[in-house]
Amino acid sequence: MIIKEPYFCQGADNVYRTKHYIVKQQLIIRVGRGEENAIISTDTYYLRNGKRDKLYELWFSERDRVDGKRIMTALHTRRYVD
């Protein structure tokens, strides 16, 4: 079965699921002089519901760990979507 990439995955570097949210991470690598390098994450938190969970599970069905895992970063911002 071929499915279209879910909207919450489009433009994402990482997508994972928590108890209440599906989280899309978009990463920025900031390169500075010396030791000033950092990875920054712009996160969008989509409130879980039946439709989103179904799309998520279809898209990531081949993952060993279906819920995925957050990529740790030095800084992050959050935006919430109902």
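For the structure given in this document, a descriptive report is provided here. Because the structure is a prediction, the values reported are computed rather than measured. Here the residue index of a chain counts from 1 through its sequence in written order. For a predicted model such as this one, the threshold for reporting local features is a pLDDT of at least 70, and the threshold for listing and counting side-chain atom pairs is 80 or more; totals across whole chains, interfaces and linings nevertheless cover every residue. Note that water and hydrogens are dropped before the side-chain values are worked out from all heavy atoms of the structure.

1. Thoughts on the pairing of strand β2 (residues 21–30)
Any two strands with at least two DSSP bridges between them are considered paired. In this text, helices come from DSSP runs of H or I with a minimum length of four residues, and strands from runs of E with a minimum of two, each type numbered from the N-terminal end. Strand direction decides the pairing type here: strand β1 (residues 14–17) and β2, joined by 4 bridges, are antiparallel. Within the sheet, the bridge partner assigned to Arg 17 lies in β2 and is Ile 22. Connecting β1 to the antiparallel partner β2 that follows it, the hairpin turn spans 3 residues. As paired strands, β2 and strand β3 (residues 38–47) are joined by 10 bridges and run antiparallel to one another. For Leu 27, the partnering residue across the bridge sits in β3 and is Ser 41.

2. Regarding the environment of Ser 61
Its place among the elements puts Ser 61 in the loop between α1 (50–59) and β4 (75–81). Remark: the alpha-carbon pair of Ser 61 and Glu 5, spanning 56 residues in sequence, is separated by 13 Å. Any pair of nitrogen or oxygen atoms within 3.5 Å is treated as a polar contact; in protein, a donor-acceptor pairing is required on top of that, and neighbouring residues in sequence qualify only through side-chain atoms on both sides. At a separation of 3.4 Å, a polar atom in the side chain of Ser 61 contacts the main-chain carbonyl oxygen of Leu 58.

3. Points about α1
Burial status follows relative accessibility: with a 1.4 Å probe on protein chains alone, a residue under 20% of its type maximum counts as buried, one over 50% as exposed, and anything between as partly exposed. Every buried residue of α1 is listed here: Arg 52, Asp 53 and Tyr 56. The buried side chains of α1 occupy one side of the element, clustering within an arc of 100° when seen end-on. For α1, the exposed residues set more than 90 degrees away from the buried face come down to Gly 50, Lys 51 and Lys 54. Contacts from the buried residues of α1 go to β1, β2, β3 and β4. Each direction from the helix axis to a C-beta atom contributes to the arc, which is the arc of those directions. Residue contacts follow a heavy-atom distance rule, with two residues in contact if any of their heavy atoms lie within 4.5 Å.

4. With respect to the packing of aromatic side chains
Two rings from Phe, Tyr or Trp (for Trp, the six-membered ring) form a pair when their centres sit within 6.5 Å of each other. Planes less than 30 degrees apart are called stacked, planes more than 60 degrees apart edge-to-face, and all others tilted. Taken as a whole and assessed by the stated rule, the structure comprises 8 aromatic pairs. Consider the rings of Tyr 7 and Phe 8, whose centres lie 5.4 Å apart with planes at 80°: the pair is edge-to-face. By relative accessible area, which is 0% here, Phe 8 ends up buried. On the numbers, 5.1 Å between centres and 35° between planes, the contact of Tyr 45 with Tyr 80 is tilted. Taken together, the positions of Tyr 45 in strand β3 and Tyr 80 in strand β4 put the pair 35 residues apart, joining distant regions of the chain. Here Tyr 45 falls in the buried class, since its relative accessible area comes to 7%. Look at Tyr 80 and you get partly exposed, because its relative accessible area is 45%. Ring-pair connections join several aromatic residues into one group, and the members of that group are Tyr 7, Phe 8, Tyr 46, Tyr 56 and Phe 60.

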